[in-house]
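# Structure at a glance
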Amino acid sequence: MYAFAYAAASSLAAWEGGRLKAGGVWQIAATRSRVRIVASALTPVLILSWFMLILPVAIRLTSAGVSPTLDSLRPMVLAVILAAAHCTIGFSVGNILPRQIAAPVMAAAIFIVVAFSVSTTPYWIRRVSGEYAEPLMFGELVSFTSMWPHLLFPGSLAIAALSLWLPARSVIIRVALAAALAITGMVTARNLVAHWGPSEPVIIGAAPIECVGIHPKVCMPEATSVNLKEVHKDAISVLRDFRTAGVDPSPRVITDRLGDGRYYIKSTKSTWRVNLTSGVAAKTIRYQLVNAAIQFPCSRPDPETSRTVRMWAAAVTGEKTAYKKQVEAQQEAFDTDMNKAAKIKKAVDGILKESTGRQAAWFYGQIDDACGNK
């Protein structure tokens, strides 16, 4: 929709610019200032483009029965400003080229550049197009850092177009100034985003959260916190089971990964990041918490040791069934080796017969051994 609105704003403004030029308005003795003439011509164009941007959002919000927050309106504010910039660019082009040429050329050019930027490389093109290439995930907000390049690239072109209307007598001075402004703005915008890669920076953890309890404090987004008290009870229960087995995980905070958006943030000993919302929906919340308690010091622990530790943890917390379902659902080549599976089961059965102290020592030893020198 953004591409269509920008294209409409630019092409209609180009037509208006060409119409005023063809009518000889600029050669007529002025009874109104140029600013008022341009504003009168472009106001309907701006209203139409803004209507195209705002109406779909308003319909969607109304049908969902929700109201936007100020922060969530950042993409809309960006689009409204850029629609005005495209109006300015189109109007200037319409004053240079015949309107029969300028209007369709601007419509096609703007639509193609904006709409197809999402599928182009280098990536910087999509970061300055005025339209975000990726939808925001839950808990994410558009950052001001990511907005500036979108504003700077077409904005510098709009300012350059305006500079052509300065009262300087020398055409060369006006053209040189316009070229300098346009090139500086576009190059600066490109340099700002050149290192971003396929994803642009967003703010995560922006969704309002609700928390209960202390040591651990369990937090979930307000939108999904209807079962928060039950989740807290499950957390207390799982921690109690571990302590009964001699292991004492002591997280201060257990928070929902849902608010982390597209980024993976690693859990720490004091803060566990768990898929609480999806765990509640799938009725696997206890098993999610069991896995959160097992924190290897490397990203790729030995698969046999990892399976052994997780099977033991599932056994002491009463989550054997959930463990088996996960292995079956996410089966890897390692899991098809029946000899290794039997070896793991034998090791877990043996350690479960040991004393609490020996089980705890075995658990911490396995956590360290799983990573070796990694």
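Quick note: structure is the one above.
Residues numbered from 1 in each chain as written. Predicted model: local features only at pLDDT ≥ 70, side-chain atom pairs only at ≥ 80, totals over all residues. Heavy atoms only, no water.

### Thoughts on the sheet that holds strand S6 (residues 271–274)
This is how the line gets drawn: Strands are labelled as partners when DSSP assigns at least two bridges between them. Only DSSP runs of H or I covering at least 4 residues are called helices, and only runs of E covering at least 2 are called strands; the numbering of each starts at the N terminus. Helix axes are fitted to C-alpha atoms over the stretch in contact, other axes to C-alpha atoms as well, and angles between N-to-C directions run from 0 to 180 degrees.
In space, the four strands of this open sheet follow the order S3-S4-S5-S6, with mixed pairing throughout. Edge positions in the sheet fall to strand S3 (209–212) and S6, since each of these pairs with one other strand and no more. Averaged over all pairs of adjacent strands, the angle between their axes in this sheet comes to 20 degrees, without regard to strand direction. Alignment of S3 against strand S4 (residues 217–221), held across four bridges, turns out to be antiparallel. Bridge pairing in S4 places Ile209 opposite Pro221.

### Some details on the packing of aromatic side chains
What counts here: Put simply, two rings from Phe, Tyr or Trp (the six-membered ring, in Trp's case) pair if the centres are within 6.5 Å, and we call them stacked under 30 degrees between planes, edge-to-face over 60, tilted for the rest. In this scheme, a residue with accessible area under 20% of its type's maximum is buried, one over 50% is exposed, and one in between is partly exposed, where area comes from a 1.4 Å probe on protein chains only. Criterion for a charge above a ring: Arg CZ or Lys NZ at most 6 Å from the ring centre, at most 35 degrees from the ring normal.
Scanning the entire structure with this criterion turns up seven aromatic pairs. Between Tyr2 and Tyr6, the aromatic rings sit 6.2 Å apart at their centres with planes inclined by 45 degrees, giving tilted as the arrangement. In this pair, Tyr2 and Tyr6 both sit in helix H1 (residues 2–22), four residues apart, roughly one turn of the helix. By relative accessible area, which is 0% here, Tyr6 ends up buried. Geometrically, the ring pair formed by Phe144 and Trp148 is stacked, given 6.4 Å between the ring centres and 25 degrees between the ring planes. One end of the pair, Phe144, and the other, Trp148, are both in helix H5 (residues 144–163), four residues apart, so they sit about a helical turn from each other. Judged by its relative accessible area of 45%, Phe144 is partly exposed. The class for Trp148 is exposed, based on a relative accessible area of 52%. Ring-pair connections join several aromatic residues into one group, and the members of that group are Trp312, Trp362, Phe363 and Tyr364. Over the ring of Phe144 we find Arg74; its NZ or CZ atom is 4.2 Å from the centre of that ring. Cation over ring: Arg99 sits above Trp15, and NZ or CZ is 4.9 Å from the ring centre.

### Examining the side chain of Arg126
For clarity, the threshold we go by: All tallies of charge rest on Lys and Arg as positive and Asp and Glu as negative; His and the ends of each chain are not included. A side-chain nitrogen of Lys or Arg and a carboxyl oxygen of Asp or Glu constitute a salt bridge if their distance falls within 4 Å. Residues are treated as being in contact if the distance between any of their heavy atoms lies within 4.5 Å.
If you trace the backbone, Arg126 turns up in the loop between helix H4 (99–115) and strand S1 (141–142). Buried charge without a salt bridge: Arg126, with Glu134 as the nearest opposite-charge side chain at an N-O distance of 5.7 Å. Once residues within four sequence positions are removed from consideration, Arg126 is found in contact with Ser117, Val118, Ser119, Thr120, Thr121, Glu131, Ala133 and His150.

### Quick word on the state of the cysteines
Put simply, the rule is: Any two cysteine sulfur atoms lying within 2.5 Å of each other are counted as a disulfide.
Scanning the model with the defined rule gives two disulfides in all. What connects to what in the protein, once the bonded cysteines are numbered by sequence position, is 1-2, 3-4.

### Brief notes about the pattern of salt bridges
With the rule as written, the count across this model stands at 13 salt bridges. The salt bridge partner of Arg127 is Glu200, with a shortest N-O separation of 3.3 Å. Of this pair, Arg127 sits in the loop between H4 and S1 while Glu200 sits in the loop between helix H6 (171–193) and strand S2 (202–203), placing them 73 residues apart in sequence. Measuring nitrogen to oxygen at the nearest pair gives 3.2 Å for the salt bridge that ties Lys343 to Glu304. Taken together, the residues span a long stretch of sequence, with Lys343 in helix H12 (residues 338–352) and Glu304 in helix H10 (residues 303–316) at a distance of 39 residues. On the basis of relative accessibility, which here comes to 21%, the residue Glu304 falls in the partly exposed class. The structure contains a network of salt bridges with shared partners spanning Glu134, Glu140 and Arg262.

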